[in-house]
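In case you want the letters, here they are:
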Amino acid sequence: MSRTDHNVDVQSLADCVWLACVLEASARKPGNVHPGASFADLTYGDFLASARLIAPILARAAQVGVGPTVLSTVEATHARAPRNSNLGIVLLIAPLAAVPRDESLVDGLPRVLNGLSLSDADAVYQAIRLAAPGGMGQVESQDVMQSPIVTLIESMRLAADRDTIAAQYTNGFPAVLGFGLPVLERATDFADNWERAIVELHLRLMAEIPDTLIARKCGRETAQSAADQAAAVLDDGWPETDAGRRKFAGLDQWLRADGNRRNPGTTADVVAACLFAGFREGTLAVPDLSRLDGFDLFHGQPL
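Residues numbered from 1 in each chain as written. Predicted model: local features only at pLDDT ≥ 70, side-chain atom pairs only at ≥ 80, totals over all residues. Heavy atoms only, no water.

> How should I be thinking about the overall build of the chain in this particular structure?
The helix and strand inventory of the chain stands at 15 helices and 3 strands. In the chain, which comprises 303 residues, the proportion classed as buried is 53%. For the chain, restricting intrachain contacts to residue pairs at least 6 apart in sequence, the fraction spanning at least 24 positions comes to 70%. About 12800 Å² of surface is accessible on the chain, with carbon and sulfur atoms providing 48% of the total. (Helix = DSSP H or I, 4+ residues; strand = E, 2+ residues; numbered from the N terminus. Buried < 20%, exposed > 50% of the residue type's maximum accessible area, 1.4 Å probe, protein only. Contact = heavy atoms within 4.5 Å. Areas by Shrake-Rupley, 256 points an atom, 1.4 Å probe, with all protein chains shown as cover.)

> Is there a simple way to explain unusual backbone geometry in this structure?
It is generally the case that most residues other than glycine have a negative phi and that most peptide bonds are trans. Put simply, Trp 238 and Pro 239 share a cis peptide bond, and its omega is 0 degrees. You can see Pro 239 is positioned in the loop between α13 (220-235) and α14 (242-260). At Asp 258, a position not held by glycine, the phi torsion is positive, near 60 degrees. With respect to the helices and strands, Asp 258 occurs in helix α14. Here Asn 260, not a glycine, exhibits a phi torsion of approximately 65 degrees, which is positive. Position of Asn 260 among the secondary structure elements: in helix α14.

> What's the story with the packing of helix α11 (residues 194-208) against α13 in this structure? I'm lost.
A pair of packed helices is characterised by two quantities: the angle between their axes and the separation of those axes. For the pair α11 and α13, the least separation of the axes is 7 Å and the interaxial angle reads 135 degrees. The angle between α11 and α13 falls in the class oblique. You can see that α11 and α13 cross each other, and the crossing is left-handed. When α11 is examined against α13, the residues Glu 200, Leu 203, Arg 204, Met 206 and Ala 207 are found in contact with a partner set consisting of Ala 226, Ala 227, Ala 230, Ala 231, Val 233 and Leu 234. (Axes fitted to C-alpha atoms, helices over the stretch in contact; angles between N-to-C directions. Parallel < 35°, antiparallel > 145°, perpendicular 65-115°, else oblique. Left-handed = near helix turned anticlockwise from the far one by under 90°.)

Structural data, given as structure tokens:
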């Protein structure tokens with residue numbers, strides 16, 4: 001990836017990954033890290049640096065395989081900062097990136113998913129153990145702390161009822177290709193209004209699919225409350241109305257309370273995958289994002 005005249009060339013798959021990750025992190029979504037909000041152990045700069053690290057690795061998913069790609073990206077991120085900043089993003093983008101470029105995602109993704117193997121599962125289990133995502137707990141069958149005995153798609157099927165990312169693997173990525181990407185594609189002038197489009201997508205995803213990271217950490221009732229509040233923000237006319245903006249601010253504050261335990265991280269991961277799909281398919285215009293809020297996007301460092 002190169003910097004030329006403050007524009008981003010997304011002809012390569014690595015560019016698509018990088019731009020999707022940067023835009024997702026840069027949009028001021030409620031309850032998430034962005035240029036104006038950090039967590040105690042995770043900053044906007046961490047996401048930018050992670051994007052730069054994982055983009056070229058994910059771009060080789062078709063040649064390397066989904067499982068090894070996921071493991072390599074998590075290892076690369078962990079080596080820089082031992083904190084899970086992108087496991088969910090990687091799990092979602094890896095199979096999408098593995099689709100041959102001469103095929104559409106809709107046509108090629110089923111074959112990629114159906115070809116996932118036991119070795120893919122083993123590599124993904126290693127990646128999950130290394131990333132140590134919050135709220136995992138233990139399950140009776142195919143716990144990630146043990147070696148898998150089924151293929152990755154079978155393992156994801158066992159977790160699909162409690163994890164949105166696992167459900168994508170078993171149902172052809174409906175939240176990404178069936179719901180989220182069409183929302184982005186309907187946005188007016190995405191290149192100039194990308195932040196509003198991304199935040200709206202985040203709210204609509206939250207309202208439609210209660211965030212499973214919140215559910216794992218805080219329970220399903222809390223995840224449903226977050227979904228209801230996101231729906232209320234949209235119903236009250238955000239961002240045009242005062243009422244909608246007030247509810248948005250209230251939702252953001254509520255999600256960040258209690259040490260950010262209500263962070264809707266799974267929803268943010270799905271947003272990144274939707275963006276990648278749009279840039280990969282060429283259905284989203286590319287914004288000019290050479291600089292954002294004092295950070296050099298190409299190096300993940302303060303200016």
